[in-house]
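As a plain string of letters, each chain reads:
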Amino acid sequence: MEEYNPIKIEKKWRKKWEKEKLWNIDVENAKNPYYNLMMFPYPSAEGLHIGNVYAFTGADIHGRYMRMRGYDVFEPLGFDAFGIHSENFAIKKGTHPKEETEKNVSHFREQLKRMGALFDWDREVDTSKPEYYKWTQWLFLQLYKHGLAYRAKAPVDWCPSCKTVLADEQVIGGKCERCGTEVIQKELLQWFFKITDYAERLLDNLDEIDWPEAIKTAQRNWIGKSEGALIKFKISNFKSQISVFTTRPDTLFGATYIVLAPEHHLVAKLKGNIENRGEVEKYIEGSKKKNELERTDLAKEKTGVELKGIKAINPANNEEIPVWIADYVSASYGTGAIMAVPAHDDRDFEFANKFGLVIRNVIKPQMIAGDKGIKQGNLTDEEFADYGERQLANKYDDILEGRRVYTGEGKLRNSGDWDGMHSLEVKGKIIESVGGEKKINYHLRDWLISRQRYWGPPIPIIYCEKCGIVAVLEKDLPVELPQVEDFRPTGTDKSPLATVKEFVKTKCPECGAEAKRETDVSDNFLDSSWYFLRYPSTDFKDKPFDEKITKKWLPVQMYIGGKEHAVLHLMYARFVTMALRDFGFIDFEEPFTKFRAHGLLIKDGAKMSKSKGNVVNPDEYFDSYGADIVRMYLMFLGPYEQGGDWRDEGISGIARFLKRVHTLLFQVKSDNDKNRNESLSENDLERATHKAVKKVTGDLENLQYNTAISSLMEFANKIQQSKEGAFYRLEAVKSLVKLMVPFCPHLSEELWHEALGYKTSVHGEKWPEYDESKVAENTVKLAVEINGKVRSQIQVDVGMSEDAVKEMALNDEKIKKMLNGNEPQKIIVVQNRVVNIVI
RNA sequence: GCCCGGGUGGUGGAAUGGUAUACACGGCAGACUUAAAAUCUGCUGCCGAAAGGAUUGAGAGUUCGAGUCUCUCCCCGGGCACCA
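Residues numbered from 1 in each chain as written. Chains lettered and ligands numbered in written order. Predicted model: local features only at pLDDT ≥ 70, side-chain atom pairs only at ≥ 80, totals over all residues. Heavy atoms only, no water.

So, on to the confidence of the model for chain A. The share of residues in chain A with pLDDT of 70 or more is 94%, and the mean pLDDT across the chain is 88. When the criterion is pLDDT under 50, residues 369-373 qualifies, and its contacts beyond four places in sequence or with other chains add up to four contacts. Reported confidences for the modelled complex are a pTM of 0.91 and an ipTM of 0.94. (pLDDT = per-residue confidence, 0-100. Contact = heavy atoms within 4.5 Å.)

Written as structure tokens, this is what we have:
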């Protein structure tokens, strides 16, 4: 027996597998298709990140498990190679994105091949290749033809560093998702996708897909459905009305003033009647200068100006109320105007207090003891109870008298005929009584897909003086991205492509006259919104995806990726899939039936980052330990869906374990060959085998890889220590090797051939089955408790009668002593678990 | 502020309401070795000499029994946010 040399054996087997194309799938004829997808990486110049390896290993283990369960597992991988991330890197390095990307992709591919995954490299996808982005452009045209793509002038977010506009989803806390620069607002003519048309379906379908609750919640919050009403307020001595959106029509009687956003269109209309015109204009100018971040900073004190001479009329009680403008009201949400109810809204309350406006309580709060607002601090329990009650009483009075805000529900007061009714039951009726209408608002905005950048698919649109906006004909696709020397973003609201005369100049597909091309490229997230449809159909050059193949393989049965895409890629892909279904190209509307998010890998308790210098380079570890050990360690260091902490010391545990298994296998085989079958004592090992199969199988089903590995260790230790005959030990190690296949595919293959002597691949083996009846033990140790505290242990036969167990427990020496003659009040027996004697 | 995670030994982490600390790292002791590495064996959460006792962020509750369920609160990580 040679010593375990992972580097050597991994090289040997990978070569063989590659030669035999063991992982390639016959997409047309596969009988039992299973589409196992993982989020494809973008090929950064730094090379493969250990975080990629972590994500892909977990996904690959799932694929390998399903493969042994008899599925034809399709596990493709490709590269999200177009986009700002790749381009920014090229800019930094002073290379061209095309060369840079090609170099990085081949580097990535070589690194990925060392992982020992099931990747089907015959079906690789590269989003920056014309044969791919031709169909990304085709997708744009389909959306355009069906009225879901439109061009509009709108205030949009602009990243001054990336020199391009961004979609709403790509602005994180007022900053660019890619580079962290604060975005500014610009008014530009841009292309949008009408994702808002799908808001309701995006929301509804969430109930039917098997995704983590956290991701679903994130999408629900992002879509931000809010049900309320539009209510019109008349303006005294004026024809126009102010329409406001509110989710609390029940508080209408408490609306003591109106606030308009500074950009509200009525402000200009009312100008003639505003007495303090100068002050108002100055305020509007001031708020224009602030960026979104300054305006939405919650810590900031609220500002505003009253429109003197303008009064609105509250339709509920015909009271004249003042009208203000303030930048805490956003023009882009609802109607850009609100009815302020300071007694029942935190923001209005703060504003009213600052400017001395009327605060009128109209909802009687339901107060309960232990209310959140009272803190115990360093009071004793008694002091706190007393203080709490007084606090509560004070708080209640404060609310009724408008000294404190209350945003909850309750019974109405100060509301005319509605007094005494509950806020939840009057909402609809109050809307009706003032002639308002029910209205649903969404936070979700249309997807802005124009980018003033170079490294992306040109938007396939032509502008003709006569015919206007004309789509590029499908037969003329792709609109190839020209090779450009200076590809850097211009910062002029135009893409670098605008400077390429021979690209811009074209003929109108309708009238043949000279025309100009659109020079922006599309958002990188459009590339990745449909890539899963391409993988199974890469053979087809004349269509994005084949109908028959798509029917066979999609929707994706398992998708694994990071949670950072919760409201980005994962939502865009759902939208695109729904649209393609509506256009009749596919017959399902959710792309990923099941999605699981892996956790984040950290190093020594801290996030990995280049600046901290704590980035783990997978190559180093592949070189010194081999892929099997790295794979298994990654999966062992924590629960896959929660992430974990990489510590260099930890990897030795796995290295030792695999080495031990290697030795064990050859030992057991040689014992068996020498026919050392003398002791055929118990069926201990058989039970251990069934137990291990059960546990590992269950854990794999739930992606609980860390506990699966610890069971494998226990099982291996058990075999090692077993005194049973070699025949039984041999049977046990055969199961062990099979159970290890998903985690360490190379070593398993090596042992299957070299130690166990098989001529066929272990990867063709069936996943071992277990027999529930063989898992059970014959005897079991019971804990004997007195009043819930463990006092002794007894050994009983499984299934022993309750009375027998009781008797045995009471006769236990230790228990007898502890009871000291006391008569037990009650004895609780939980079968095979515990006896609790209550005295 | 709201919505998700999470808080268990020196460390990473296990525990269908039923013997908390599985599995591993690290540590200690021993064997082998001229020596070291590797390997193997044993011990190893805390206080205590022991008997025993306390213990899963804090406090209360439900229960024969709570890391697990309920309530209140604290802390850490992430997401959303003047969205009316």
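Having seen the model, we can carry on.
This part covers the side chain of T577. Looking at the element boundaries, T577 is found in helix α18 (residues 569-582). A polar side-chain atom of T577 sits 2.7 Å from the main-chain carbonyl oxygen of A573. Those residues in contact with T577 that lie beyond four places of it in its chain are F532, I586, F588, E589, E590 and P591. (Helix = DSSP H or I, 4+ residues; strand = E, 2+ residues; numbered from the N terminus. Polar contact = N/O pair within 3.5 Å; in protein donor to acceptor, adjacent residues only side chain to side chain.)

Before going further, it helps to spend a moment on the protein's contact with RNA strand B. Every one of the 54 residues lining RNA strand B counts as a neighbour, but T247, Y333, R347, R656 and R833 are closest to it. Within 4 Å of the protein, the contacting atoms of RNA strand B are 61% sugar and phosphate, with bases supplying the remainder. Side-chain polar atom of N717 to a phosphate oxygen of RNA strand B: 3.4 Å apart, as the coordinates give it. Taking R791, its side chain carries an N or O atom lying 3.3 Å from a phosphate oxygen of RNA strand B. (Near = heavy atom within 4 Å.)

Ranked by internal contacts, the top residues of the largest apolar core, which has 91 residues, are W447 and F532. It is α18 that provides the largest number of residues to this core, a total of nine residues. (Core = buried A, V, L, I, M, F, W, Y, C linked by side-chain atoms within 4.5 Å. Buried < 20%, exposed > 50% of the residue type's maximum accessible area, 1.4 Å probe, protein only.)

With mixed pairing, four strands are arranged side by side in an open sheet as β29-β28-β31-β30. Strands with a single pairing partner mark the edges of an open sheet, and in this sheet they are β29 (789-797) and β30 (826-830). Averaged over all pairs of adjacent strands, the angle between strand axes in this sheet comes to 20°, irrespective of strand direction. Sheet topology places strand β28 (residues 779-786) next to strand β31 (residues 834-838); four bridges connect them, and they run parallel. What sits directly across from E785, in β31, is N836. (Pairing = 2+ DSSP bridges. Axes fitted to C-alpha atoms, helices over the stretch in contact; angles between N-to-C directions.)

Taking strand neighbours across the sheet as the criterion, the four strands line up as β4-β3-β7-β17 in an open arrangement whose pairing is antiparallel. Two strands in the sheet have a free side with no partner beyond their single neighbour: β4 (164-166) and β17 (447-448). Here strand β7 (residues 184-193) pairs with β17 via two bridges, running antiparallel. If you follow F192 over to β17, its bridge partner there is L448. Sheet contacts for helix α5 (residues 130-145): β3 (149-159) and β7; angle to β7, the most-contacted strand, approximately 85°.

Turning next to the environment of V556. Inspection of the secondary structure puts V556 in the loop between α17 (547-553) and β24 (558-561). Assessed through its relative accessible area of 0%, V556 is described here as buried. Sequence separation between V556 and G286 is 270 residues; the distance between their C-alpha atoms is 51 Å. Once residues within four sequence positions are removed from consideration, V556 is found in contact with Y35, L37, F532, P591, F592, T593 and K594.

Okay, the pairing of β7 next. With 10 bridges connecting them, β3 and β7 associate as antiparallel partners. By the bridge assignment for β7, A154 is matched with L188.

Here we come to the side chain of S495. Along the polypeptide, S495 turns up in the loop between β20 (468-471) and α14 (501-504). In this structure S495 comes out as buried when scored by relative accessible area, which is 1%. A polar contact of 3.2 Å, which involves the side chain of S495, links it to the backbone oxygen of R453. Not counting the four nearest positions on each side in its chain, S495 is found in contact with R451, Q452, R453, T490, T519 and D520.

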